[in-house]
Amino acid sequence: MKQLLSVIALLLAMSAGAFAHEGNDHVRGVVTEVSAQAVTVELANKTTKTLSISAKTAFETAGKPAHLADVKVGDRVVIDVPEHGSNALLIKVGVAAKK
């Protein structure tokens, strides 16, 4: 019974995460420029995309809350953006594996 409840809880958690990102695009790349108003990212196809930063933009590093000051040129990022929009909702900074 415990296993069944665990499986149900896991499925509910996974489906909630899927719906939380509904309507958002993910911009993935390397930061080439960052300011208080915007962040520019070089995408895999070598084009760049500039996204606006607002008071509503959230930041995350290694799954923990972060700040704009934590975003540096050269960082790998995944940015949640509304579909067909240019306002960054959540900027997730990647953490390189330690060697």
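See the structure shown above.
Residues numbered from 1 in each chain as written. Predicted model: local features only at pLDDT ≥ 70, side-chain atom pairs only at ≥ 80, totals over all residues. Heavy atoms only, no water.

Colleague: Which residues make up the overall build of the protein chain, and what values do they have?
Modeller: Summing up its helical and strand segments, the protein chain has one helix and seven strands in all. The helix and strand sequence of the protein chain, counted from the amino end, reads α-β-β-β-β-β-β-β. Residue burial in the protein chain is summarised as follows: out of 99 residues, 22% are buried. When the accessible surface of the protein chain is summed, it comes to about 7,100 Å², and 60% of that surface belongs to carbon and sulfur atoms. (Helix = DSSP H or I, 4+ residues; strand = E, 2+ residues; numbered from the N terminus. Buried < 20%, exposed > 50% of the residue type's maximum accessible area, 1.4 Å probe, protein only. Areas by Shrake-Rupley, 256 points an atom, 1.4 Å probe, with all protein chains shown as cover.)

Colleague: Before we move on, can you summarise the side chain of Asp75 with the specific residues and values?
Modeller: When you line up the elements, Asp75 lands in the loop between β5 (64-65) and β6 (76-82). Despite its burial, Asp75 pairs with no opposite charge; the closest candidate is Lys72, at 7.0 Å N-O. Reaching out from Asp75, the side chain makes a polar contact with the backbone nitrogen of Lys72 at a distance of 2.8 Å. Residue contacts for Asp75: discarding those within four places in its chain leaves Gly29, Val30, Val31, Asp70 and Val93. (Lys, Arg positive; Asp, Glu negative; His and termini not counted. Salt bridge = Lys/Arg side-chain N within 4 Å of Asp/Glu carboxyl O. Polar contact = N/O pair within 3.5 Å; in protein donor to acceptor, adjacent residues only side chain to side chain. Contact = heavy atoms within 4.5 Å.)

Colleague: Talk me through the pairing of strand β7 (residues 90-93); I want residue IDs and the actual numbers.
Modeller: When strand β4 (residues 58-61) meets β7, the two strands line up parallel, connected through four bridges. Its bridge partner being in β7, Thr61 is matched across the sheet by Val93. (Pairing = 2+ DSSP bridges.)

Colleague: So what's going on with the sheet that holds β4? Residues and values would help.
Modeller: With mixed pairing, seven strands are arranged side by side in an open sheet as β3-β2-β1-β6-β7-β4-β5. Looking at which strands have only one partner, the edges of the open sheet turn out to be β3 (48-52) and β5. Two elements, strand β1 (residues 24-34) and β6, share seven bridges in a ladder whose sense is antiparallel. Residue pairing in the sheet places Val30 in a bridge with Arg76 of β6.

Colleague: Lay out the environment of Asp25 in plain terms, naming residues and giving numbers.
Modeller: Tracing the backbone through its elements, the reader meets Asp25 in strand β1. Classification of Asp25 as partly exposed rests on a relative accessible area of 36%. With 55 residues separating them along the chain, Asp25 and Asp80 place their C-alpha atoms 5.8 Å apart. With residues near it in sequence (within four places) discarded, Asp25 still touches Ile79, Asp80, Val81, Pro82, Glu83 and His84.

Colleague: Can you lay out the nonpolar core for me, pointing to particular residues and giving the numbers?
Modeller: In this structure, Val39, Leu51, Val77, Ile79 and Ile91 are the most contacted members of the largest nonpolar core, which totals 15 residues. Where this core is concerned, the elements lending two or more residues are β1, β2 (38-42), β6 and β7. When residues of this core are assigned to their parent elements, the largest contribution, three residues, is made by β6. The contact partners of Val77, leaving out residues within four places of it in the chain, are Val27, Arg28, Gly29, Val31, Val41, Ile91, Lys92 and Val93. (Core = buried A, V, L, I, M, F, W, Y, C linked by side-chain atoms within 4.5 Å.)

It is worth stressing that arrangement in space is one thing and function is another; only the former is reported here.
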